[in-house]
Amino acid sequence: MEIKKPHIKSIPYEDFKNNEYLEQMVQELNANGGKVWLGCLDDLINWGRSNSLWPLTFATSCCGIEFMAVGAARYDFARFGFEVARASPRQADLIMVAGTITHKMAPVLKRLYDQMADPKYVIAVGGCAISGGPFKKSYHVVNGVDRILPVDVYIPGCPPRPEALLYGMIQLQRKVKLEKFFGGVNRKEEEPQKAK
Amino acid sequence: MNEIIDIPVEQLHAEMKKLHDERHFDFLRSLTGMDWQEEGLGVVYHLENTLTGENTVVRTHSANRENPEIPTVCDIWKAAEFNEREAFDFYGIRFTNHPDLRRLYLRDDWVGHPLRKDYDMSEETNPLRMTNEEPVDTTARLEVLRDGSVIEKREVIFEDNEYIINIGPQHPATHGVLRFRVSLEGEIIQKLDVHCGYIHRGIEKMCESLTYPQTLALTDRLDYLGAHQNRHALCMCIEKAMGVEVSERVQYIRTIMDELQRIDSHLLFFSCLCMDLGALTAFFYGFRDREKILDIFEETTGGRLIQNYNTIGGVQTDIAPSFVQKVKEFIAYLRPTLREYHEVFTGNIIAEQRLKGVGVLSREDAISFGATGGTGRAAGWACDVRKRHPYGVYDKVEFNEVLFTEGDSYARYMVRMKEIEESLRIIEQLIDNIPEGEYQQKMKPIIRIPEGSYYSAVEGSRGEFGVFIESKGDKYPYRMKFRSTGLPLVSCMETLTRGAKIADLIAIGGTVDYVVPDIDR
């Protein structure tokens, strides 16, 4: 089956990096079997979802200032539909983990993630969130936020430039466009065990 | 500055009281916990006389490594309260008679005290705990009985019938991951309890296993809105210890960069304060103009927010060819823009009513807490390090130290807005006269500092940023302490907000202008 290519205005498909990853993701989705006749409806819903991703205003350190800069006048992520930054996790679609996550913060971050409604996405911003960054050897830093949350997109940098943040967010849009909303494949964690 | 007094633990409290009352050492610049291995654990106090500018250093130590007990000085200087909690957290030093001896940064179930030299760094001792922390409403107080023995008493912070709400750590208006627990009576704040440590990265411990040039990288990440200034302080301290004189050109470049950074930080302060009070337009204005400074930084240093520019003995690269012209253009641009800011926000009736007369800090409290920077100057305390202990080329330029006497939120706001103008003035006097010379001195491949202890400070964007190094002559520091600008500011939040309305907590926090990664380090 041919892989549909997520379309982003003004950037051709070939100009993106990590296309193999998307292709692999689509193959996995198809292997699990989706409801084919809902394809068109999927496309429509994903078009809407990918262009109105609402981020949670969550920042622990330096990367948070760059996140604010992306929201401000020059870089303006409203152009891509990200402008509705929510202060409550209940209303947010994605969490940008911008900054170092420490041992004390980790349970709080997990709780924020758990409070978000499905489908939800995680972007790890900056070296600290990806691997611990310059603080890898510290006694109080979580070496990579993927130890506690499933991460969708990694944006390297210390801190990443606003252009890099935008690129990462567009990568997430592409990912959202490929997903099957009706296939039940959005959940990345196991179903919580029901009490017997 | 080099006078060091050793005081035995038994006489510490009486001697400190004498220093405070008789010799007028009323400003506790910094309080540092120490681990001198065989000699035991101890504390180093940096004191300053605010009348004469005289400095002194006091040391004390306790040989008992199991239960080191040192009397508290927080009844003499209010600044000691949080700093002693930090020393308790890092070293396990128990301060007798301290009213609130809890851990400041780490979780209550943390095992061991990380800055001790014999601390076990392995994952097994302190694995990643994913359980939520239970709020505890009591605290410990160590009381000395008449026969000299010490007993632990529990003190109540919040009674059962008090109405407590929790703010943070994830709250858009706490400027980072700071957490408050606030006891309310209606809308009025009765009591406020600060919880830090959600971004504690253990930078001071990390520095002990890094060589001096490596430690530089971490300072930029302390207070990222004062990256240049922080790094300037550390470079200055290392240069002072090694006896290196940097060239005139470097001094000029560093000073100009420091001032640009200050403007950058104050513009961000303006943006965020306005946003917190609901004026979103002003946020866009502030960020629009801040980007212009970041462009100037980027051209010379390659970095926007974190520049990694100062090095030991100089700066990373020479200034970009268009630097001088761009800075001049920026100055010409910002002056009229500032007037626009005042039209948009300062004169606004809502802004005035939210800020005037709210969160008043007296001059005595500011000194006692060591709340330097804009907060101290708004209360009438002339605490500018650029004037007290000039460094760089600040002694060659003319500028006013902006002082207000009201001590309220509005004064704190105005101090910063006026300081932008003073910074522009400083840059204007320097930008045309940058002398020729080397931008980087030739240094030895391995940098060692002679044995001893060194302290130097700069005026950061939000107060005195100090670096204290104790060296044993190695290429690694034995102890490196950063006097955070933010810790004294959060420690006075309780005094500032008591009796204020809950909505004003945000405005007060905004005008005090702390940066949380700088508090937690």
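Every residue gets a number counted from 1 within its own chain, in the order that chain's sequence is written. Chains and ligands are labelled by the order in which they are written, letters from A for the one and numbers from 1 for the other. With the structure being a predicted model, the display of local features is reserved for residues of pLDDT at least 70 and the display and counting of side-chain atom pairs for 80 or more, all residues being used for whole-chain, interface and lining totals. Side-chain numbers come from the whole structure's heavy atoms, not from hydrogens or water.

Draft legend 1. Focus on the sheet that holds strand β15 (residues 463-471) of chain B. Residues and elements named next belong to chain B. If DSSP finds at least two bridges between two strands, the strands pair. Going along the chain from the N terminus, every DSSP run of H or I of four or more residues is numbered as a helix, and every run of E of two or more is numbered as a strand. Read across the open sheet, the 3 strands follow the order β14-β15-β16; overall the sheet is antiparallel. Bordering the open sheet on either side are β14 (452-460) and β16 (479-483), each of which pairs with just one other strand. Between one strand axis and the next, the sheet turns through 10° on average, direction left out of account. Pairs of residues are marked as contacts when any of their non-hydrogen atoms sit within 4.5 Å. To define axes, lines are fitted to C-alpha atoms, for helices over the stretch in contact only, and angles between the resulting N-to-C directions are given on a 0 to 180 degree scale. Strands β14, β15 and β16 of the sheet are contacted by helix α5 (residues 227-242), whose axis makes an angle of about 150° with β14.

Draft legend 2. Local environment of unusual backbone geometry. Following A:C158, the chain continues into A:P159 via a peptide bond in cis, with omega recorded as -15°. As for its placement among the helices and strands, A:P159 is situated in the loop between β4 (153-155) and α6 (162-178). The phi dihedral of B:H24 falls on the positive side, at around 60°, and the residue is not glycine. Along the polypeptide, B:H24 turns up in the loop between α1 (12-21) and β2 (27-35). At B:R521, a position not held by glycine, the phi torsion is positive, near 55°. Within the secondary structure, B:R521 is located in the segment after α17 (516-520). Partly exposed residues are those whose accessible area sits between 20% and 50% of the maximum for their type, while under 20% is buried and over 50% is exposed, using a 1.4 Å probe and protein chains only. Residue classification places B:R521 among the buried residues on the basis of a relative accessible area of 3%.

Draft legend 3. Representation of the domain arrangement of chain B within the structure. Residues and elements named next belong to chain B. Domain delimitation follows an automatic or database domain assignment. In terms of domain boundaries, chain B breaks down into domain 1 (1-123 + 149-155) and domain 2 (203-519). Distance from the C-alpha centre of domain 1 to the C-alpha centre of domain 2: 27 Å. Residue-level contacts link 36 residues of domain 1 with 27 residues of domain 2. A simple way to read buried area is as the amount of 1.4 Å-probe accessible surface that goes missing from two parts once joined, with both sides added. Summed over both sides, the interface between domain 1 and domain 2 buries roughly 2600 Å², with carbon and sulfur atoms accounting for 54% of that surface. By the criterion of area lost to domain 2, the three top residues of domain 1 are F27, R29 and K78, representing 24% of everything that side buries. Salt bridge, as used here: a side-chain nitrogen of Lys or Arg that lies within 4 Å of a carboxyl oxygen of Asp or Glu. Put simply, domain 1 and domain 2 have 5 salt bridges between them. Here E48 makes a salt bridge to R388, at a shortest N to O gap of 2.5 Å. N or O atoms within 3.5 Å of each other form a polar contact, as long as, within protein, one can give a hydrogen and the other can take it, and as long as residues adjacent in sequence are counted only when both atoms are side-chain atoms. The tally of links from domain 1 across to domain 2 stands at 19 residue pairs in polar contact (both at pLDDT 80 or more).

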